[in-house]
Amino acid sequence: MKRRLAFFLGMIALTLIVATLVQAKTVRIGIVYDGDAQGYPAARNLFVDEILSMTRGAHTVVFPAKDQISGGYNVTQINQALDRLMAAKDVDMLLTLGQVATHEVCQRRRFSKPVFAAYVVDAKLQGIPSKKGTSGIRNLNYINTLTDHDRALQLFRRITPFYRVTILADEFLMASIPQINTMARRLANEFSIKVTVARVADSAADALAQIPADTDAVFLSMLTRLSGTEFQKLADGLIARKLPSFSFQGRVDVKKGILAGTIPEDSLLHLARSVAINVQEVLDGADAGELSTTFAVGEKLAINMATARAIHIYPGWDLLTEADLLDDGATEVDRRLNITTAMQEALAANLDLAAANRSVEAGMARVQEARSPLLPQVGVRTQASVIDDDRARASFGIQPERLWTGSLQATQLIYSDKAWAGFTIEKYLQASREQGRDAVRLDILQAAASAYLNVLRAKSIERIQKENLKLTRENLERARIRVEIGAGGPEEVYRWESQIANSRRNVLTAQSITLDAISAMNNILNRPLREMFAPEEADYKEPMGILPDRRLMAYMDNPMELGILRDYLVTEGLDASPELQQFEAAIAAQERGITLAKREFWVPTVSLFGDVTETFSRGGEGSESPLTGALNLPEKDDTDWTAGVQASLPLYVGGGRSATLKRSREELAKLRYDRDNTANRIEVRILNAVHLIRASYPGIRLSTDAADAARRNLGLVTDAYVRGIKSIIDLIDAQNQALVADQQSANAVYDFLIDIMAVQRSTGSFFLFAPEEERDAWLERLNRYAMDAQQRARQG
């Protein structure tokens with residue numbers, strides 16, 4: 001037994017020693033590259049980092065500086081470097097970076113060590129061996145990028161028509177790989193265009209000088225020897241000459257001012273990762289000659305819209321829907337909105353609220369009008385008259401021929417129930433008008449918030465549709481690779497092209513919905529309907545962050561707490577409802593009207609009055625009374641005045657007062673019924689809003705889980721499709737499921753947020769957007785209400 005145990009432990013120790021020795025073996029990789037271009041160090045570091053990352057923990061890999069050799073843009077030097085590293089005993093593997101170095105090493109047929117050639121332009125065109133998607137040669141693995149130049153040209157023609165084309169190609173590349181020259185001739189023949197090839201070294205000025213004056217468009221290949229500064233000069237020069245340009249480097253060059261390209265910006269990263277995977281497999285015992293040489297570059301159209309505007313090129317809708325648009329003007333939109341500023345701007349500019357404000361202002365004037373009879377009433381009057389002389393003589397001085405007088409009258413109500421009632425009723429009606437304005441204000445806040453959320457929803461759906469279009473484009477590339485390696489038929493390509501057409505249509509529809517949502521938002525804000533704005537929350541990965549305070553969510557986690565929240569919202573809503581307060585003011589006004597109708601039977605109107613009249617001038621016949629002198633009567637002066645108090649009470653007005661009292665009582669009863677009915681409707685509105693939250697809040701998590709599961713399923717089905725296990729129908733079905741799930745996930749969040757706005761409107765207060773102190777006070781009342789409710793439940 002002891003011997004067996006010792007043998008067993010010895011075997012374990014031996015295994016560990018062997019494993020340690022294996023892991024301790026250092027693998028040295030040499031590199032040969034075309035020449036010392038400005039961008040080479042970054043590309044080399046990318047490949048080195050990916051290989052080190054892939055092999056870390058299992059193998060020790062180093063890249064000795066002495067074994068990184070530049071070919072100096074000379075074919076002879078490149079081959080000498082290849083010979084040296086192939087013969088070097090301290091170099092275990094060889095990596096070529098550069099199209100010429102890759103071409104030269106792939107022309108060989110015997111390899112004493114694994115070779116990884118990263119940049120094959122077109123294996124078939126270059127005469128590089130291929131066998132069932134591998135090199136078929138021991139120790140040789142290369143990466144064939146499978147760039148479809150025909151499709152790139154067709155796509156460029158959809159952007160802008162052209163006949164005379166200039167291809168800017170690297171001088172060293174064209175001289176070193178003569179087979180590439182046949183590509184230009186083939187394109188010219190197949191597409192009936194005139195092609196000029198301009199050989200570029202390291203000067204933008206020389207490149208521009210080689211472009212014929214009658215050129216319609218320019219293609220750019222990989223111009224590795226142009227520095228960043230020189231390339232920018234080239235791009236600017238093409239724009240200055242109004243020449244549309246297309247780069248086979250893709251988005252990297254489009255960012256610098258080239259009009260269009262289809263290669264994604266991360267294609268080099270994926271290429272480096274593919275090489276790293278192959279290195280790892282060889283280190284694990286595989287033969288490099290049996291590893292896949294296929295690499296799907298991917299296709300994602302990028303268009304520089306600033307360049308398009310500068311050269312007056314306007315791509316069609318189908319291109320704009322699928323393209324990645326750089327400098328499309330969205331970032332130039334100065335107008336920024338978030339949900340809070342949208343609600344504030346709506347209050348400041350909305351026409352409905354402006355009209356309601358004017359109504360309230362007019363009501364304040366009506367209150368002043370109703371108050372005015374209670375204050376002193378003062379008036380002046382002047383009169384000048386002339387009558388015939390015989391009538392003046394006959395008046396014995398009472399009415400002279402010419403008379404000019406002036407008077408001042410004043411009255412003051414001592415008590416008038418009708419006047420006081422009118423003033424009081426108008427104040428109640430003004431309170432009702434103010435509550436009506438508050439209701440309009442709440443409606444506008446809800447409309448503005450909901451409209452803004454619908455803009456975010458539309459943008460999210462548009463983004464999802466664009467991502468789905470991008471995914472469909474990637475699946476088309478996968479189908480083409482399957483056809484290329486003989487794993488699929490052309491019908492798969494046609495099916496994906498049909499899917500792309502449908503996806504483009506869906507993107508256009510989503511964009512139209514977004515524009516409609518923006519117009520609806522501008523309408524509420526009283527802005528030009530076509531004015532664009534940039535929602536600040538449009539890039540939020542967590543849309544729930546749009547809420548200023550999420551403490552309310554704690555009451556939505558289970559039915560019991562949601563029930564407490566519901567009851568509290570009903571109580572709070574009935575107390576704060578401006579509609580109910582509007583009815584209360586109207587009822588108070590009607591009650592005062594009934595009091596007036598009762599008092600009309602017995603309460604008189606009492607007032608003071610006074611009058612002073614001054615005679616300014618009298619003349620002609622009758623200006624002197626003949627009786628004054630004859631009867632020795634005292635003369636009357638020019639000033640007369642009167643003062644007194646009066647009271648009035650109508651005794652019978654044909655039954656009008658009784659009818660008024662009856663009408664007022666019936667109208668009061670109607671108002672009370674209407675108030676109770678409105679209270680019921682408000683409670684129903686609150687309950688409906690809470691019931692919507694009951695579904696929409698848990699729906700966020702459920703739809704997110706569904707979307708995550710659908711995406712994971714899509715990933716599995718995609719991998720199975722690439723390996724030939726699943727059919728195209730399975731992949732289309734999985735993609736559609738993921739699309740629907742993503743849309744439902746986005747809709748669930750915005751449905752909930754819109755429901756939250758409805759809850760706040762129904763309770764008469766947008767408490768979540770109130771100042772922090774008010775919000776804290778509201779939530780504190782909720783917490784106290786919840787504690788009381790829980791205590792009552794325990795006691796019950």
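Residues numbered from 1 in each chain as written. Predicted model: local features only at pLDDT ≥ 70, side-chain atom pairs only at ≥ 80, totals over all residues. Heavy atoms only, no water.

## Focus: the overall build of the protein chain
Looking only at helices and strands, one finds 25 helices and 19 strands in the protein chain. On C-alpha atoms alone, the protein chain measures out to a radius of gyration of 46 Å, which is more than a quarter above the 28 Å that the 2.2 N^0.38 rule sets for 796 residues. Across its three principal axes, the protein chain shows a C-alpha extent of roughly 160 × 90 × 45 Å. Burial analysis of the protein chain (796 residues in total) assigns 46% to the buried set. Summarising the internal contacts of the protein chain: among those between residues at least 6 apart in sequence, 78% fall at separations of at least 24. Between the centroid of the 94 positive side chains of the protein chain and the centroid of its 100 negative side chains there is a distance of 7 Å. (Helix = DSSP H or I, 4+ residues; strand = E, 2+ residues; numbered from the N terminus. Rg over C-alpha atoms; globule rule 2.2 N^0.38 Å. Buried < 20%, exposed > 50% of the residue type's maximum accessible area, 1.4 Å probe, protein only. Contact = heavy atoms within 4.5 Å. Lys, Arg positive; Asp, Glu negative; His and termini not counted. Charge placed at Lys NZ, Arg CZ, Asp CG, Glu CD.)

## Re the pattern of salt bridges
The tally for this structure, following the rule as stated, stands at 43 salt bridges. A salt bridge links Glu50 to Arg273; the shortest N-O distance between them is 3.0 Å. With Glu50 in helix α2 (residues 40-55) and Arg273 in helix α12 (residues 267-283), this pair connects stretches of sequence that are 223 residues apart. Judged by its relative accessible area of 13%, Glu50 falls in the buried class. (Salt bridge = Lys/Arg side-chain N within 4 Å of Asp/Glu carboxyl O.)

## Description of the confidence of the model for the protein chain
When pLDDT is averaged across the protein chain, the result is 87; 93% of the residues are at 70 or more. Predicted confidence is poor over residues 16-24, with pLDDT under 50, and the contacts of this stretch with residues over four places away or in other chains come to 3 contacts. (pLDDT = per-residue confidence, 0-100.)

## Quick look at the packing of aromatic side chains
Within the structure shown, the criterion is met by 16 aromatic pairs. When the centroid spacing of 3.7 Å and the interplanar angle of 15 degrees are considered together, the rings of Tyr33 and Tyr40 count as stacked. Neither residue differs from the other here; Tyr33 and Tyr40 are each classed as buried. On the numbers, 5.2 Å between centres and 45 degrees between planes, the contact of Phe156 with Phe162 is tilted. Of the two residues, Phe156 and Phe162, neither departs from the other in class, the shared state being buried. An aromatic cluster is defined as three or more aromatic residues linked by ring pairs; in this entry it consists of Phe156, Phe162, Phe219, Phe246 and Phe248. (Phe/Tyr/Trp six-rings, centres within 6.5 Å; stacked < 30°, edge-to-face > 60°.)

## Quick notes on a nonpolar patch on the surface
A cluster of nonpolar side chains, namely Val378, Val380, Leu408, Val612 and Trp641, defines an oily patch on the protein surface of about 550 Å² accessible area. Turning to its location among the elements, Val612 is positioned in strand β18 (residues 605-619). Taking the relative accessible area as the measure of exposure, Val612 reaches 38% and is therefore partly exposed. (Patch = residues over 30% accessible without salt bridge, like charges linked within 9 Å, V, L, I, M, F, W, Y side chains within 5 Å. Areas by Shrake-Rupley, 256 points an atom, 1.4 Å probe, with all protein chains shown as cover.)

## Section: the nonpolar core
Within soluble globular proteins, side chains that are nonpolar tend to cluster in buried spots. In terms of nonpolar packing, the biggest core is built from 63 residues, with Leu552, Met556 and Phe752 touching the most fellow members. Secondary-structure elements contributing two or more residues to this core are α15 (339-349), α18 (417-484), α19 (490-524), α20 (559-576), α23 (656-722), α24 (728-762) and α25 (772-795). In terms of residues, this core owes the most to one element, α18, which gives 11 residues. Those residues in contact with Leu552, other than ones at most four positions away along the chain, are Leu565, Ile756, Phe767, Leu768, Trp778 and Leu782. Core analysis: the second largest hydrophobic core is formed by 32 residues, Val32, Ile69, Ile128 and Leu140 among them. (Core = buried A, V, L, I, M, F, W, Y, C linked by side-chain atoms within 4.5 Å.)

## Focus: the environment of Thr509
Position of Thr509 relative to the elements: it lies in helix α19. Expressed as a C-alpha distance, the spacing of Thr509 and Gln465, which sit 44 residues apart in the sequence, is 9.5 Å.

## Quick notes on empty space enclosed by the protein
Left-over empty space is what a probe sized like a water molecule reveals as it rolls over the atoms. With the rule as written, the count across this model stands at 1 cavity of 30 Å³ or more. Approximately 40 Å³ is the volume attributed to the largest cavity. In terms of lining, the largest cavity is formed by Glu299, Lys300, Glu322, Leu469, Lys470 and Arg473. Examining the composition of the lining of the largest cavity, we find that 3 residues originate from one element, α18, more than from any other. Class assignment of the residues belonging to the lining of the largest cavity gives a composition of 1 nonpolar, no polar and 5 charged. (1 Å grid on protein atoms, 1.4 Å probe; cavity = no way out; pocket = protein on both sides within 12 Å on 5 of 7 lines; lining within 4 Å. Points joined across faces, edges and corners; volume = space filled by probe spheres on them. Nonpolar A, V, L, I, M, F, W, Y, C, P; charged D, E, K, R; others polar.)

## Describing the side chain of Arg473
Tracing the chain through its elements places Arg473 in helix α18. The exposure class assigned to Arg473 is buried, which follows from its relative accessible area of 10%. Beyond its immediate stretch of four places on either side in the chain, Arg473 contacts Glu299, Glu322, Ile500 and Arg504.

## What about α19?
Since the α-helix packs 3.6 residues into each turn, any two residues three or four apart lie on the same face. A rise of 1.5 Å per residue sets the reference length of α19, with its 35 residues, at 51 Å; its end C-alpha atoms lie 52 Å apart and thus fit the reference within 8%. Of the residues flanking the end of α19, it is Asn526, one or two places downstream, whose phi is positive at about 55 degrees. (Expected span 1.5 Å × (residues − 1).)

## Section: the sheet that holds strand β15 (residues 377-386)
Spatially, 4 strands are ordered β15-β16-β18-β19 in an open sheet, and the strand pairing comes out antiparallel. Two strands in the sheet have a free side with no partner beyond their single neighbour: β15 and β19 (639-648). Here the strands of the sheet are splayed against their neighbours by 15 degrees on average, with no regard to which way each runs. The pairing of strand β16 (residues 402-415) with β18 spans 13 bridges and is antiparallel. Residue pairing in the sheet places Arg402 in a bridge with Gly619 of β18. (Pairing = 2+ DSSP bridges. Axes fitted to C-alpha atoms, helices over the stretch in contact; angles between N-to-C directions.)

## Topic: unusual backbone geometry
Despite not being glycine, Lys132 shows a phi value in the positive range, around 55 degrees. For Lys132, the location among the structural elements is in the loop between α5 (123-126) and β6 (140-144).

## Observations concerning the packing of α19 against α24
Taken N-terminus to C-terminus, the directions of α19 and α24 make an angle of 20 degrees; their axes are 11 Å apart at the nearest point. Classified by the angle between their axes, α19 and α24 sit roughly parallel to one another. In the crossing of α19 with α24, the sense of the turn from one axis to the other is right-handed. Where α19 abuts α24, its residues Glu492, Arg495, Trp496 and Gln499 lie against Ile728, Ile729, Leu731, Ile732, Gln735 and Asn736. (Parallel < 35°, antiparallel > 145°, perpendicular 65-115°, else oblique. Left-handed = near helix turned anticlockwise from the far one by under 90°.)

## Observations regarding the pairing of strand β1 (residues 26-33)
With 6 of 8 residues buried, β1 lies mostly within the body of the structure. Sheet topology note: the β1/strand β2 (residues 60-62) ladder contains 3 bridges and is parallel. Among the inter-strand pairings, Thr26 is bridged to a residue of β2, identified as Thr60. Bridge analysis of β1 against strand β3 (residues 68-70) gives 3 bridges, and the strand direction is parallel. Bridging from a neighbouring strand, Ile31 pairs with Gln68 of β3.

## Description of the sheet that holds strand β12 (residues 302-304)
Strand order in this open sheet of 7 strands is β8-β7-β9-β10-β11-β12-β13, and the pairing throughout is mixed. Taken across any chain shown, the strands that pair with only one partner, and hence form the sheet edges, are β8 (194-200) and β13 (324-326). With 2 bridges connecting them, strand β11 (residues 260-261) and β12 associate as antiparallel partners. Pairing of Ala260 across the sheet is with Ile303, part of β12. Taken strand by strand, helix α6 (residues 149-159) contacts β9 (217-220), β10 (245-247), β11 and β12, and its axis lies near 145 degrees from that of β9.

## A short note on the packing of helix α16 (residues 351-371) against α18
Viewed as axis vectors pointing N to C, α16 and α18 meet at an angle of 170 degrees, and their least axial separation amounts to 9 Å. Looking at the two axes, α16 sits roughly antiparallel to α18. Of the residues in α18, those in contact with Asp352, Leu353, Ala356, Asn357, Ser359, Val360, Gly363, Met364, Arg366, Val367, Ala370 and Arg371 of α16 are Ala419, Gly422, Phe423, Glu426, Lys427, Gln430, Arg433, Glu434, Arg437, Val440, Arg441 and Ile444. For the contact of α16 with α18, the class distribution of residues is 10 nonpolar, 5 polar and 9 charged.

## A word on the pairing of β15
With 0 of its 10 residues buried, β15 lies for the most part at the surface. Bridge count for β15 against β16 is 10 bridges, and the pairing is antiparallel. Within the sheet, the bridge partner assigned to Val386 lies in β16 and is Arg402.

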